[in-house]
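Results of the structural survey
Okay, here's what each chain looks like letter by letter:
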Amino acid sequence: MNHQSVLNPLMLGSPAAQFLMSVQASETASAPSPRGLGTEQGSIQSAPIKWAPSIPEEQYCVLAYLQKGEHIVSNSTGVFVPATIFGQTSRLAYRIEAGDYGPQVIVFDERGGARPVQSAKPKGNHQLERDWLSAHRSTHAGMWVALSGNRLLAAGCKAPDVYNKARELGIPAPFVAFVGRDEELPFAGW
Amino acid sequence: MHNLEFGIRHKYDDSVPGITVPVHLEYQGSRVQFDAKIDTGAELCLFDRGYGEALGIEIESGYRKELRTINSTLVAYGHEVTLSILDLNFDLMAFFYEAPEIHRNVLGRQGWLVKVRLGVVDYEQLVYIGSY
């Protein structure tokens, strides 16, 4: 099984995130692309591990997206991925491709065969955003919010202000929603 | 026996009311993403005016339309936009509510439903969409 993961920005933004794996940008066998937009790829060699608690294997199958240049570090040396995501001994590869929110780094575990793991939460369905809205309805009720996955970009009383703030952060087409107080009630129809 | 073919199958979230699909709305190069409900009972595609304002649309400058609801009436204004739903693109007149307190986004017949073939298997939370 090819454990393919597109990482969650919030996971990497946590204080506990440890950047322990060095990625050497080099040609490698192409892994199946979930989106067919691959523009750049490379392999990852594990660096000496200082601390890296492993995560349950089933979590490898959960897809999430990293924003290049934000929580994953990409520079001339390579790409640095928090070992908290894949554990200490994984052999990783990465691919940079165009995404809804700009360039994205997709990291995957090369262990096993070639069959890609299917996402439980397909891309582009706003599931992460809906999860955020559900979790924060009480604290943001009556406000407009702009989200990138489960990350809050902006919040305010006016949709244009929130939208423009998200655009200023480099998100060309942000997800924007009004956080209603009664969204959980069934709709009666027109 | 009748058979239909669809290019898109989408599993929708049954934890929120309605059949919800992700949409992109574009107007003069500006784009915004949000969720909308498929509503075969709605004549038009109706969106929160906040999205129109965010895209730079002067809502009241559009085509004014008075609409009947289950127990009242409302006013919305139509503007030409591009709507993308699950990789299908539609140029249509979308309507934005005059009232800022209405936040329900619906995909109705004119402009959208008339341009697609639609299948729903609600027991499995699956919606099938194909261009007509």
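Residues numbered from 1 in each chain as written. Chains lettered and ligands numbered in written order. Predicted model: local features only at pLDDT ≥ 70, side-chain atom pairs only at ≥ 80, totals over all residues.

All right, on to the overall build of chain A then. Helices and strands together make up the secondary structure of chain A, namely five helices and eleven strands. Going through the 190 residues of chain A one by one, you find that 34% of them count as buried. Contacts in chain A between residues far apart in sequence, at least 24 positions, make up 67% of those at least 6 positions apart. (Helix = DSSP H or I, 4+ residues; strand = E, 2+ residues; numbered from the N terminus. Buried ≥ 20, exposed ≤ 12 C-beta atoms within 10 Å, placed from the backbone. Contact = placed C-beta atoms within 7 Å.)

Right, let's talk about the overall build of chain B for a bit. Looking only at helices and strands, one finds one helix and ten strands in chain B. Helices and strands in chain B line up, N terminus first, as β-β-β-β-α-β-β-β-β-β-β. With 132 residues in all, chain B has 36% of them scored as buried. Put simply, 56% of the contacts in chain B that link residues at least 6 apart link residues at least 24 apart.

Nonpolar side chains tend toward joint burial in soluble globular proteins. Among the nonpolar cores identified, the biggest contains 52 residues, and A:A146, A:V162, A:V176, B:C45, B:L46, B:Y51 and B:L83 are the most heavily contacted of them. Not counting residues up to four positions away in its chain, the partners in contact with A:A146 are A:L153, A:A154, A:V162, A:Y163, A:K165, A:A166, A:P174, A:F175 and A:V176. (Core = buried A, V, L, I, M, F, W, Y, C linked by C-beta atoms within 7 Å.)

So, on to the confidence of the model for chain B. Fine structural detail should not be taken from predicted coordinates in areas where pLDDT scores are low. On average, chain B scores 94 in pLDDT, and the residues at 70 or more come to 100%. For this predicted complex, the interface confidence score (ipTM) comes to 0.91, while the overall pTM stands at 0.63. (pLDDT = per-residue confidence, 0-100.)

Next up on the list: the sheet that holds strand β9 (residues 116-121) of chain B. All names here are of chain B. The antiparallel open sheet is built from three strands, whose spatial order is β1-β10-β9. In this open sheet, the two edge strands, each paired with only one partner strand, are β1 (8-11) and β9. Looking at each pair of strands side by side, their axes are set apart by 20° on average, direction ignored. As defined by bridge partners, β1 adjoins strand β10 (residues 126-131) across four bridges and the pair is classed as antiparallel. From the neighbouring strand, K11 faces β10, where its bridge partner is L126. (Pairing = 2+ DSSP bridges. Axes fitted to C-alpha atoms, helices over the stretch in contact; angles between N-to-C directions.)

We now examine the interface of chain A and chain B. Taken together, the contact between chain A and chain B spans 22 residues of the former and 21 residues of the latter. For the side of chain A that touches chain B, the elements supplying multiple residues, two or more each, are α3 (127-135), α5 (159-168) and β11 (175-178) of chain A. Residues belonging to the side of chain A that touches chain B are distributed by class as follows: 15 nonpolar, six polar and one charged. (Nonpolar A, V, L, I, M, F, W, Y, C, P; charged D, E, K, R; others polar.)

As a further point, take the pairing of strand β5 (residues 63-68) of chain B. For a regular strand, the rule is simple: side chains alternate between the two faces of the sheet. Residues and elements named next belong to chain B. Counting buried residues in β5 gives zero out of six residues, a small share hidden from the surface. Bridging between β5 and strand β6 (residues 73-85) involves six bridges; their strand directions are antiparallel. Paired with L67 across the strands is L74, a residue of β6. Counting the residues in the hairpin turn of β5 and β6 gives four residues.

Here the focus is the pairing of strand β2 (residues 20-27) of chain B. Residues and elements named next belong to chain B. Sheet topology note: the β2/strand β3 (residues 30-38) ladder contains eight bridges and is antiparallel. Note that in β3 the partner of V21 across the bridge is A36. Between β2 and the antiparallel strand that follows it, β3, lie two residues; Q28 among them carries a positive phi value of about 50°. Direction of pairing for β2 relative to β6: antiparallel, over a ladder of four bridges. By the bridge assignment, L25 is partnered in β6 with L83.

This brings us to the environment of B:I38. Looking at the secondary structure, you find B:I38 in strand β3. According to the C-beta neighbour criterion, B:I38 is buried, with 21 such atoms within 10 Å.

Attention shifts here to the confidence of the model for chain A. Residues and elements named next belong to chain A. Summary statistics for chain A give a mean pLDDT of 58 and a share of 32% for residues scoring 70 or more. Here strand β2 (residues 19-24) is the element of chain A with the lowest mean pLDDT, 29, and β11 is the one with the highest, 95. Confidence over residues 43-71 falls short of pLDDT 50; this stretch has 77 contacts with residues more than four positions distant or in other chains.

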